Amino acid sequence: MLKFKSQTAALISDAVAAAFPAAALQTEEINAMLEYPPDASMGDLALPCFKLSRTLRSSPVKIADTLAESLSSPLFSEVSAVNGYLNFRMNGAAFASRVLADIGADGDLYGSPKCGEGKTVVLDYSSPNVAKPFHIGHLGTTVIGHSLKLLHEFAGYKCIGINHLGDWGTQFGKLIVAYRLWGSKDEVEAGEIDALVALYVRFHAEAEKDASLNDRARAEFAKLEAHDEENIALWRWFVEISLREYKKTYAQLAIEFDSYNGESFYTDKMPAQIARIREKNLLTIDDGASVVNLEEWNMPPCLILKRDGSTLYPTRDIAAAVYRKENYDFAKCIYVTSAGQSLHFAQWFKVLELMGDEWAKDLVHVPYGTVSINGEKLATRTGNVVLLKDLFAQAIEKARAITEEKNPALKGREDIAEAVGVGAIVFHYLSNNRMRDINFVLEDALSFEGNTGPYAQYTYARSCSILEKANGEASFDVAPESTNEDELALTKVLALFPERVAAAIEEYEPSIITRYALDLCAAFNRFYHNCQILSAEDPKVRAYRLALVKAANQVLGRALSLICMKKPEKI
Ligand code: ARG
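Described below are features of the structure shown in this document. Everything numeric here is computed off the predicted structure, so don't read it as measured data.

About the thresholds
- Residues numbered from 1 in each chain as written.
- Predicted model: local features only at pLDDT ≥ 70, side-chain atom pairs only at ≥ 80, totals over all residues.
- Heavy atoms only, no water.
- Near = heavy atom within 4 Å.
- Polar contact = N/O pair within 3.5 Å; in protein donor to acceptor, adjacent residues only side chain to side chain.
- Areas by Shrake-Rupley, 256 points an atom, 1.4 Å probe, with all protein chains shown as cover.
- Pairing = 2+ DSSP bridges.
- Helix = DSSP H or I, 4+ residues; strand = E, 2+ residues; numbered from the N terminus.
- Axes fitted to C-alpha atoms, helices over the stretch in contact; angles between N-to-C directions.
- Contact = heavy atoms within 4.5 Å.
- Parallel < 35°, antiparallel > 145°, perpendicular 65-115°, else oblique.
- Left-handed = near helix turned anticlockwise from the far one by under 90°.
- Nonpolar A, V, L, I, M, F, W, Y, C, P; charged D, E, K, R; others polar.
- Core = buried A, V, L, I, M, F, W, Y, C linked by side-chain atoms within 4.5 Å.
- Buried < 20%, exposed > 50% of the residue type's maximum accessible area, 1.4 Å probe, protein only.
- Phe/Tyr/Trp six-rings, centres within 6.5 Å; stacked < 30°, edge-to-face > 60°.
- Arc of directions from axis to C-beta.
- Salt bridge = Lys/Arg side-chain N within 4 Å of Asp/Glu carboxyl O.

Digging into the site of the ligand
Line of reasoning, step 1. The local shell around the ligand consists of Asp124, Ser127, Asn129, His164, Tyr313, Asp317, Tyr335, Thr337, Gln341 and Phe345.
Line of reasoning, step 2. In the environment of the ligand, a nitrogen atom lies 2.7 Å from a nitrogen or oxygen atom belonging to the side chain of Asp317.
Line of reasoning, step 3. Look at the ligand: alone it shows 350 Å² of surface, and the protein chains cover 88% of it.

Quick look at the structure:
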């Protein structure tokens, strides 16, 4: 649609120059004034002429009337002036051949804003805390983060996905104490991450009764920081067991990270940054701790060193950002976490800026809303959590049961069940604006009816099956003589894809793609139900309709891939 819009703007600009020679208006200015009417019956584009009144020294009604008379182009089937609005209705057939030719010419890159060439983007996402449960609270950072990576890759950026594992901190002291008191090697090997989580939960329960356990945990963590060999070995083992588990979940989502450098990786990189902060005279002592005062920016102080000299989460993030800038020379570094961490990021971004690192402006925090389950807050300690692996397993089981019933002869059923089950949850999660708080109701997330992931995948498979039957006949090189309502509606949605991709990247908002996929499915299914495709008698009509199917297949496939959805050709 962007092209139709800019072409229309250029024609209006010419018409203005001819009718109002005293006041020239640039195409870009007019382009910015053009609107999509809320209701298609009013036309495809509209120019509210009151926006021109001052420049052209004339009334909106007069401007609209004058321009409507002088504007004519094969681009439009109708140009009309209505109450100071200039309305354009496109010539559907011309529009359709142009859109289809564009899709054909751009091929797999149709919709890419192509703005990333030669630039690198670092994305820090998922990043669970080792030995704590990997639960639906992490679904947001994992799938929003990965979609943003896919979107940036599609735009031509080189992307580095980093899993900034929470693999350092006092929780390891707790785990070491718990393991020595109540754990065993065999039990942990067999129970994997669940066994670690159980130890962690037990530690908290016991520490309620016996506070001295917390002191012991602190002491064990101090030993770990001092590189005590035994503790380091345990720590390494805990991390390994957790990673093994995470990687299974990532595989189900087809996610791979370029780096698993977690917080521990930056231990030896912090002193240099602390020294820089000190040199800039930014450090002040506050109740024994070293902090950077941020009062001037209306933020509480950023903690750099605790009373006992140990480092903190912000300190590690500062060291990590400097390391990434040096190693990847990023144009942007994106952090995806829950909105609960917004202050943390605002604080240390500011500290880096004060340290004189002008590239701090390229750090972007992408927050998202909180998740509750059936209306209740997530809480590891009370057991109100749903583990991601359990959630996925349930969804896959449901998908398996349905395919077994509907299509018992289907080949590759197991992979398809996984794609559909996991896809249902991902799609459900990415349907809302990321800042909206989500109340996760299992039944809804696992629903396959209505505007769901399985419905979108099913629509995609339907388009594959038509193309298969057409046996290579579908081509983008068509010149339809006319278009009906359903064909044109589908063509318009296809033409919107580049705008939607650009907006999703600009707003860091994958849900724009999810909603776009649903619009495309609705338009495609309406077209499919109302128009004969393979059985169309007129060869020109058949060719046009097959081209639409091919285009819908390509664009829907791309849209689904961009939001971490697998897209089986048969369901
Ligand atoms: N591990 C943290 C958590 O689970 C998220 C880390 C986000 N990334 C970062 N560089 N701070 O809350």
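Topic: the sheet that holds strand β6 (residues 283-286)
Line of reasoning, step 1. Ordered in space as β6-β7-β8, the three strands form an open sheet in which the pairing is antiparallel. Since the sheet does not close on itself, it has two edges, and those belong to β6 and β8 (302-305), each with one partner. Pairwise comparison of adjacent strand axes, ignoring direction, gives a mean angle of 45° for this sheet.
Line of reasoning, step 2. Helix α11 (residues 270-279) rests against β6, β7 (289-292) and β8 of the sheet, and its axis sits at about 120° to β8.

Focus on the environment of Ala19
Line of reasoning, step 1. Checked against the element boundaries, Ala19 lands in helix α1 (residues 2-19).
Line of reasoning, step 2. A C-alpha to C-alpha distance of 64 Å links Ala19 and Gln273, two positions 254 residues apart in sequence.

Some thoughts on the side chain of Thr337
Line of reasoning, step 1. With respect to the helices and strands, Thr337 occurs in strand β9 (residues 332-338).
Line of reasoning, step 2. A distance of 2.8 Å separates polar atoms of two side chains, one belonging to Thr337 and the other to His365.
Line of reasoning, step 3. Leave out the neighbours within four places in its chain, and Thr337 touches Phe345, His365, Val366, Pro367 and Tyr368.

Here's the deal with the sheet that holds strand β12 (residues 376-377)
Line of reasoning, step 1. Here three strands make up an open sheet; going across it, the order is β12-β11-β13 and the pairing mixed. In the strand order of this sheet, the two ends are held by β12 and β13 (438-440), each with one partner.
Line of reasoning, step 2. One ladder, built from two bridges, connects strand β11 (residues 371-373) with β12; its direction is antiparallel. Paired with Ile373 across the strands is Glu376, a residue of β12.

Comments concerning the packing of helix α17 (residues 453-470) against helix α19 (residues 511-530)
Line of reasoning, step 1. Direction vectors running N to C along α17 and α19 enclose 45°, while the axes themselves pass 10 Å from each other. In terms of orientation, α17 and α19 fall into the oblique class. The chirality of how α17 crosses α19 is left-handed. On the side of α17, the interface is formed by Tyr455, Ala456, Thr459, Arg462, Ser463 and Ile466, while α19 contributes Leu518, Cys521, Ala522, Phe524, Asn525, Tyr528 and His529.
Line of reasoning, step 2. For the contact of α17 with α19, the class distribution of residues is eight nonpolar, four polar and one charged.

As for the nonpolar core
Line of reasoning, step 1. Formed by 160 residues in total, the largest nonpolar core has its most connected members in Leu67, Tyr429 and Phe440.
Line of reasoning, step 2. Counting residues per element, this core draws most heavily on helix α20 (residues 539-562), at twelve residues.
Line of reasoning, step 3. For Tyr429, the contacting residues outside a window of four places in its chain are Leu139, Gly140, Val143, Ile144, Tyr368, Val371, Ile438 and Phe440.
Line of reasoning, step 4. One finds Ile160, Tyr266, Cys302 and Leu352 within the second-largest nonpolar core, a separate group that totals 33 residues.

Some points on unusual backbone geometry
Residues apart from glycine generally show negative phi values, whereas peptide bonds are mostly found in trans.
Line of reasoning, step 1. Here the phi dihedral of Asn83 falls at roughly 50°; this positive angle occurs in a residue that is not glycine.
Line of reasoning, step 2. Here Asn83 is to be found in the loop between β2 (76-82) and β3 (85-90).
Line of reasoning, step 3. In this structure, Asp287 is a non-glycine residue whose phi angle is positive, near 55°.
Line of reasoning, step 4. As for its position among the elements, Asp287 is in the loop between β6 and β7.
Line of reasoning, step 5. You can call Asp287 exposed: its relative accessible area is 62%.

Observations concerning the packing of aromatic side chains
Line of reasoning, step 1. According to the stated counting rule, one finds 27 aromatic pairs in the structure shown.
Line of reasoning, step 2. Ring plane angle 80° and centroid distance 6.0 Å describe the contact between Tyr179 and Phe238, whose orientation is recorded as edge-to-face. One end of the pair, Tyr179, is in helix α7 (residues 170-182); the other, Phe238, is in helix α10 (residues 229-252), with 59 residues separating them in the sequence. The pair Tyr179 / Phe238 is uniform in exposure class, with both members buried.

Considerations on α11
Line of reasoning, step 1. Inspection of α11 places Met270, Gln273, Ile274 and Ile277 among the buried residues, and these make up the whole buried set. Around the axis of α11, the buried residues are gathered within 100° of arc, so they sit on the same side.
Line of reasoning, step 2. Just downstream of α11, Asn281 is the residue with a positive phi angle, here 60°.

Description of the pattern of salt bridges
Pairing of side chains with opposite charge becomes possible as their charged atoms draw close.
Line of reasoning, step 1. Applying the stated rule across the entire model yields 36 salt bridges.
Line of reasoning, step 2. Two residues, Arg244 and Glu240, come together in a salt bridge whose shortest N-O distance is 3.5 Å. On the criterion of helical spacing, the pair formed by Arg244 and Glu240 is a turn pair, its members being four residues apart in helix α10.
Line of reasoning, step 3. The exposure class of Arg244 is partly exposed, given its relative accessible area of 35%.
Line of reasoning, step 4. A salt bridge links Arg400 to Glu414; its shortest N-O distance comes to 2.6 Å. Here the residue Arg400 occupies a position in helix α14 (residues 388-406), and Glu414 occupies one in helix α15 (residues 413-429), the gap between them amounting to 14 residues.
Line of reasoning, step 5. With a relative accessible area of 44%, Glu414 lands in the partly exposed category.

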